[in-house]
Amino acid sequence: MLSCALLAYQLVPLHSSYLLLLIGLARTPETGIRRSSAWASLRPSIAVPPQVSV
């Protein structure tokens with residue numbers, strides 16, 4: 001209902017919906033692990049989550 005109201009009552013509905021998406025993206029915490037250097041961040045790593053059981 002919120003998205004329909006946003007599209008119906010905004011002056012520029014397309015731009016305002018993208019603005020809300022960008023704000024939501026900016027507020028989302030980073031889930032990746034920070035590495036010490038740019039080259040270290042390019043090194044691939046593979047891991048299995050501990051919640052997975054065989």
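How each quantity is defined
Residues numbered from 1 in each chain as written. Predicted model: local features only at pLDDT ≥ 70, side-chain atom pairs only at ≥ 80, totals over all residues. Heavy atoms only, no water. Helix = DSSP H or I, 4+ residues; strand = E, 2+ residues; numbered from the N terminus. Rg over C-alpha atoms; globule rule 2.2 N^0.38 Å. Buried < 20%, exposed > 50% of the residue type's maximum accessible area, 1.4 Å probe, protein only. Patch = residues over 30% accessible without salt bridge, like charges linked within 9 Å, V, L, I, M, F, W, Y side chains within 5 Å. Areas by Shrake-Rupley, 256 points an atom, 1.4 Å probe, with all protein chains shown as cover. Salt bridge = Lys/Arg side-chain N within 4 Å of Asp/Glu carboxyl O.

Peer 1: Break down the overall build of the chain for me, with residues and values.
Peer 2: Across its full length, the chain holds 3 helices and 0 strands. N-terminal to C-terminal, the α/β element order of the chain is α-α-α. Taking 54 residues into account, the globule formula puts the C-alpha radius of gyration at 10 Å, and the chain, at 19 Å, lies well above it. With the C-alpha coordinates of the chain rotated into their principal frame, the extents come out at 50 × 35 × 15 Å. Taking all 54 residues of the chain together, 6% fall into the buried category.

Peer 1: Go over a nonpolar patch on the surface with me, naming the residues and quoting the values.
Peer 2: Judged by side-chain polarity, Leu-14, Tyr-18 and Leu-21 come together as a nonpolar surface patch covering roughly 350 Å² of accessible area. Checked against the element boundaries, Leu-21 lands in helix 2 (residues 13-27).

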